[in-house]
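Observations on chain architecture
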Amino acid sequence: MTGRLAGRSVVVTRAAEQAGRLVALLEGEGAVVIEVPTVVIVDSDDSGTALAAAAGRIADFDWVVVTSANGAARLAAALPAGPTGLSTRPAPRSWRLAVVGPGTAEACATLGLGVDLIPERFVADGLLASFPAAPSGGGRVLLAQAEGARPVLAAGVASRGWSVEAVCAYRTVPALIPEGLLDRVVKADAITFTSGSTVRSFIGAMPGGVPGVSSATAVVCIGPVTAGEAEAMGMKVAAVADPHDLPGLVEAVVLALG
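Further remarks concern the overall build of the chain. Along the backbone of the chain there are 10 helices and 10 strands. What you see for the chain is a C-alpha radius of gyration of 19 Å, in line with the 18 Å of a compact globule of 258 residues. Taken across its 258 residues, the chain has 49% of its residues classed as buried. When contacts within the chain are restricted to residue pairs at least 6 apart in sequence, those whose partners lie at least 24 apart make up 65%. Per element, the accessible surface of the chain, about 11,300 Å² overall, is 55% carbon and sulfur. Measuring between centres, the 18 positive side-chain charges of the chain sit 3 Å from its 23 negative side-chain charges.

This part covers the sheet that holds strand β9 (residues 218–221). Strand order in the open sheet formed by 5 strands is β2-β1-β8-β9-β10, with parallel pairing between adjacent strands. Each of the sheet's edge strands pairs with one partner strand only, and the pair in question is β2 (32–35) and β10 (237–240). Put simply, the sheet's adjacent strands are angled 25 degrees from each other on average, direction ignored. Where strand β8 (residues 190–193) and β9 come together, 4 bridges link them in parallel fashion.

Take the environment of R4 next. One can find R4 in the segment before β1 (9–12). Classification of R4 as partly exposed rests on a relative accessible area of 44%. In sequence terms R4 and L26 are 22 residues apart; their C-alpha atoms lie 9.5 Å from each other. In contact with R4, other than residues within four places in its own chain, are E29, E251 and V254. A distance of 2.8 Å separates the side chain of R4 from the side chain of E29, its partner in a polar contact. Only 2.6 Å separates the side chain of R4 from the side chain of E251, close enough to count as a polar contact.

Here the focus is the environment of G137. Its location among the elements puts G137 in the loop between α5 (124–130) and β6 (140–146). The class for G137 is exposed, based on a relative accessible area of 88%.

Within this structure, the stated rule accounts for 9 salt bridges. Across the pair E29 and R4 runs a salt bridge, and its minimum N-O distance is 2.8 Å. Here R4 lies in the segment before β1 and E29 lies in the loop between α1 (20–28) and β2, a separation of 25 residues in the sequence. For E165, the salt bridge is made with R57, and the minimal N-O distance between the two is 2.8 Å. You can see E165 sitting in strand β7 (residues 163–174) and its partner R57 sitting in the loop between α2 (49–56) and β4 (63–66), a full 108 residues away along the chain. Since its relative accessible area comes to 30%, R57 is described here as partly exposed. What emerges from the salt-bridge pattern is a single network uniting R4, E29 and E251.

Before going further, it helps to spend a moment on the side chain of T104. Residue placement: T104 occurs in helix α4 (residues 102–110). Among all residues touching T104, those that are not within four sequence positions of it are V66, T67, S68, A69 and V99.

To continue, consider the side chain of E165. A polar contact is formed between the side chain of E165 and the side chain of R57, at a distance of 2.8 Å. Not counting residues up to four positions away in its chain, the partners in contact with E165 are A54, R57, F61, R140, V141, L142 and L143.

Turning next to unusual backbone geometry. D242 connects to P243 through a cis peptide bond whose omega is 10 degrees. In this structure, S47 takes a positive phi of about 60 degrees despite not being glycine. Structurally, the position occupied by S47 is in the loop between β3 (39–42) and α2. Relative accessible area serves as the criterion here: at 58%, S47 is assigned to the exposed category.

The rules behind these values
Residues numbered from 1 in each chain as written. Predicted model: local features only at pLDDT ≥ 70, side-chain atom pairs only at ≥ 80, totals over all residues. Heavy atoms only, no water. Helix = DSSP H or I, 4+ residues; strand = E, 2+ residues; numbered from the N terminus. Rg over C-alpha atoms; globule rule 2.2 N^0.38 Å. Buried < 20%, exposed > 50% of the residue type's maximum accessible area, 1.4 Å probe, protein only. Contact = heavy atoms within 4.5 Å. Areas by Shrake-Rupley, 256 points an atom, 1.4 Å probe, with all protein chains shown as cover. Lys, Arg positive; Asp, Glu negative; His and termini not counted. Charge placed at Lys NZ, Arg CZ, Asp CG, Glu CD. Pairing = 2+ DSSP bridges. Axes fitted to C-alpha atoms, helices over the stretch in contact; angles between N-to-C directions. Polar contact = N/O pair within 3.5 Å; in protein donor to acceptor, adjacent residues only side chain to side chain. Salt bridge = Lys/Arg side-chain N within 4 Å of Asp/Glu carboxyl O.

Right under this line is the structure:
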């Protein structure tokens, strides 16, 4: 087997339905991937009622912001058909769509949603730096995000003069991890985290908490927020992806194990 990670074992903690691309990228570099999904994506507590209601009046909004592929999928499912709902450019649409990064943009494109704004830096602060100020007289923004999302995005958009309606599009809940997989994790060369929820769920699943992670296992995170969560829970982060996307995460693994 060839590749920069040939023979190295790397743990992927993403939800099972999201892990495919990261697994493929790592295996393309020769890594032995251990899939340990630490979270499961489920509906919001209201079973999507708030998102459906907002999507039903989508033409009332000037901008729609989604922060993940999960949010994009649930938004697309809730949108009505027609020119103000699920449509791509150049079809007429009264609202514009902003995303945090290219992974979400790719998901939107697959779902038939044309993206109007992708920031240069793939974090919430990057989107805020690129997001326009509201026109005179104000305007409305729909923010579809995960339950428990940091308030920084909603507050930042509001500070630019917009009226923000934030709705919960989905939740992440801890997955049940078979004990046999945990035995393999502690011997892995690296473990990757793509969100704070994967960090929290992983630590909760480890019988020994953070001490259950070998000091020889390199902890690699997709961005600074996820890295901060890992460090706050006692982990030593070896590398952070830059850019903060899946190819960047693979490069960070290569760097950490180099």
